[in-house]
Amino acid sequence: MRFIFIVLIAFAIMPISSALAAMPPLLPMEDFFRNPDTAAFSISPDGTRLAFAKPWEHRMNVYVREIATENEKRITSATERDIAGFFWKGNDKIVYAQDAGGDENFHVYITDIQGAEARDLTPFEKVRAGILDDLEDDPNHMLIEMNQRNPEVFDVYRCDINTGELTQLAENPGNIVGWMTDHDGKLRVAVQTNGVDESFLYRTNEDEEFRTLITTNFKETFSPILFAYDNKLMYVASNLSQDKVAIYTFDPEENKTLDLVFSHDEVDAGSLLHSKKRKIITAVTYTTDKRHYKFFDADREELQKTLDSFFPNYEATVADIDDDERRVIVRTYSDRTRGSYYLFDRKDNSISKLAELSPWLKEEQMAPMKAVEFKARDGLLIHGYLTLPNGVESKDLPLVVIPHGGPSARDVWGFDSEAQFLANRGIAVLNVNFRGSTGYGKAFWQAGFKQWGRKMQDDVTDGVLWAVEQGIADKSRLAIYGGSYGGYAALAGATFTPDLYACAVSYVGPSNIFTLLETIPPYWKPLIEMEYEEIGDPVKDKDLLTEISPVFHAENIKIPLFVAQGANDPRVNKAESDQIVEAVKKAGKDVVYMVKDNEGHGFHNEENRFDFYRTMEEFFKKHLGSR
């Protein structure tokens, strides 16, 4: 199930040792989980202004800065919840999204750069809205997706940003799970599902009915990515007749796959980069241990070489670029720093620092993250990342394994606030891309089907045992922690391998697969048959789901447990945590339970994050003997 869960900030811990003098100082927990000093820079289309997020009243709000004068102004006034995301609409307006208390029913707002009162363009209760196409060449309109008519599906509306008028362009017949426009903003593509099969629908123009081009089972990928700039050919991601996702050109009129654009033997192809100004594809990304590029355009390759020369010890990415492709927002980062934003002027070949995300965290005090691999018990090669604390011998350390959320997702190399926090406390941290993770091909992904609590869990267990065998981890001081699916894995670790761990932490994690599948958000219901194939059918696989649901085996839990939950979580209902807490208490075991009434799937408000990680720190200090 798609419980993709992004933890904004991260942790790590440390053993008592004679090498304490060489260790970094014990840094305040808050330093790892504070809101960034400044973040999410973007540039106006004309290249004259910057928009960015910055804390105000402990919430991330949007500011705008004139590049020439450096004058800046706050243009949003969120006090209950961070602005979830924003972008430029023309050169003088900002569009942003915000939900209420973590319910994920995002509304779309617009305001001008003078800070006039924002207008809610989708002022409907219990409705989720999002931007399908910002129509950057149309100053007065955007295309919005919204489930107002039917909470299970999203219709498409043309929104007049001046009046707020919404005109329906396409009514979802009940089985469309994705829409796509061409470069002129015309609605030309839809993705349809019958529950387990997906069909690629296409039309030459908006006056026609959609026609089906290709139908595949959801276990395979054939996904439209982008129209070519002639609005005729397309780029698609496909793993039909092969294991790894590759990128091809595709002729929709002829319903024919044409040329291979990019493929990789070890991993799936990633995102496709393109130039609006020059109307070409410029590069594709892919991720092995780190992110890499394959360039198709000399200009974009030269830009990357220039950035790499400026920042030889960091990853340097293009975060945004103006329409003229002169001014570039550059984001740098590494495994030991959240990094900084810079403004690069290609005409002048000048670069200036805009902001550092977390200047209070010193790079030299952070721990390196390295890619690792090991063999699972059935011989499958598993990849992951290991973060070891500085200043002590990498031997017999307390260790926390953190299975990622998703589970159709993967961990990547970079700065991880949780890993760094724990490492500063003297704890080794292991991230495992268990089977069922994405990015390693369809066979690896499908190897996780109906393996919750079974082979997927075995991969996590085998990673921990590998760390013990390597002499890195002390077998008496092991813990498992995760969020969303990772929270389930933490409960499964405590339940199904009760002698392995000293303690466990479940953060918005499911405990009862039956009730989990019954309470998914309404807009996931068209995909429910896919979830049954991936996880298990409550009727056909009743015994399996009973076997893998920790709540039915709570009597096996004999280690201390910490459970955290958002009361408004639309993905993992609060009842999931209530059930396991009640069952553990009934069995007479130790459990700490934290519920935040103004949160959903993860804690986004800064003060709630502080409470969570403060409790976690004390929990691990008590049960792992961490620093």
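No experiment lies behind these values; they were computed from the predicted model shown. (Residues numbered from 1 in each chain as written. Predicted model: local features only at pLDDT ≥ 70, side-chain atom pairs only at ≥ 80, totals over all residues. Heavy atoms only, no water.)

Let us look at the overall build of the protein chain. A count of helical and extended segments in the protein chain gives 11 helices and 35 strands. Computed over the C-alpha atoms, the radius of gyration of the protein chain is 24 Å, within 12% of the 25 Å expected from 2.2 N^0.38 for a compact globule of 627 residues. If you line up the protein chain on its principal axes, its C-alpha atoms span 65 × 60 × 45 Å. Expressed as a percentage of the 627 residues in the protein chain, the buried residues total 57%. Taking the contacts inside the protein chain whose residues are at least 6 apart along the sequence as the reference set, 56% of them involve residues at least 24 apart. Carbon together with sulfur atoms contributes 46% to the accessible area of the protein chain, which is approximately 25300 Å² in total. (Helix = DSSP H or I, 4+ residues; strand = E, 2+ residues; numbered from the N terminus. Rg over C-alpha atoms; globule rule 2.2 N^0.38 Å. Buried < 20%, exposed > 50% of the residue type's maximum accessible area, 1.4 Å probe, protein only. Contact = heavy atoms within 4.5 Å. Areas by Shrake-Rupley, 256 points an atom, 1.4 Å probe, with all protein chains shown as cover.)

This part takes up the pairing of strand S15 (residues 197–202). Both strand S14 (residues 187–193) and S15 contribute to a ladder of 5 bridges, which runs antiparallel. Along S15, the bridge assignment pairs Gln192 with Ser199. Between S14 and S15, which pair antiparallel one after the other, the connecting turn spans 3 residues, and Gly195 there sits at a positive phi close to 120°. In the sheet, S15 pairs with strand S16 (residues 211–217) via 6 bridges, with the strands oriented antiparallel. Bridge pairing in S16 places Phe200 opposite Ile214. (Pairing = 2+ DSSP bridges.)

In total, this model carries 38 aromatic pairs according to the counting rule given. Between Phe612 and Tyr613, the aromatic rings sit 4.8 Å apart at their centres with planes inclined by 65°, giving edge-to-face as the arrangement. Over the face of the ring belonging to Tyr63 we find Lys54, whose NZ or CZ atom lies 5.2 Å from the ring centre. Looking at Arg74, its charged tip hangs above the ring of Trp56, at a distance of 3.7 Å from the centre. (Phe/Tyr/Trp six-rings, centres within 6.5 Å; stacked < 30°, edge-to-face > 60°. Lys NZ or Arg CZ within 6 Å of the ring centre and 35° of its normal.)

This paragraph deals with the pairing of strand S17 (residues 222–227). Bridging between S17 and strand S18 (residues 234–238) involves 5 bridges; their strand directions are antiparallel. When the bridges of S18 are listed, Phe222 appears paired with Ser238. As consecutive antiparallel partners, S17 and S18 are separated by 6 residues, and within that stretch Asn231 has a phi angle of approximately 60°, a positive value.

This paragraph deals with the sheet that holds strand S4 (residues 72–74). With antiparallel pairing, 4 strands are arranged side by side in an open sheet as S1-S2-S3-S4. Looking at strand neighbours, the two that pair on one side only are strand S1 (39–43) and S4, the edges of this open sheet. For this sheet, the mean angle separating the axes of adjacent strands, direction not counted, is 25°. Pairing geometry for strand S3 (residues 59–66) and S4, over 3 bridges, is antiparallel. Among the inter-strand pairings, Val64 is bridged to a residue of S4, identified as Lys73. (Axes fitted to C-alpha atoms, helices over the stretch in contact; angles between N-to-C directions.)

On to the sheet that holds S16, then. Ordered in space as S13-S14-S15-S16, the 4 strands form an open sheet in which the pairing is antiparallel. Of all the strands in the sheet, the pair left with one neighbour each is strand S13 (176–181) and S16. The sheet shows a mean angle of 20° between the axes of neighbouring strands, direction not considered.

Purely geometric numbers; function is a separate question.
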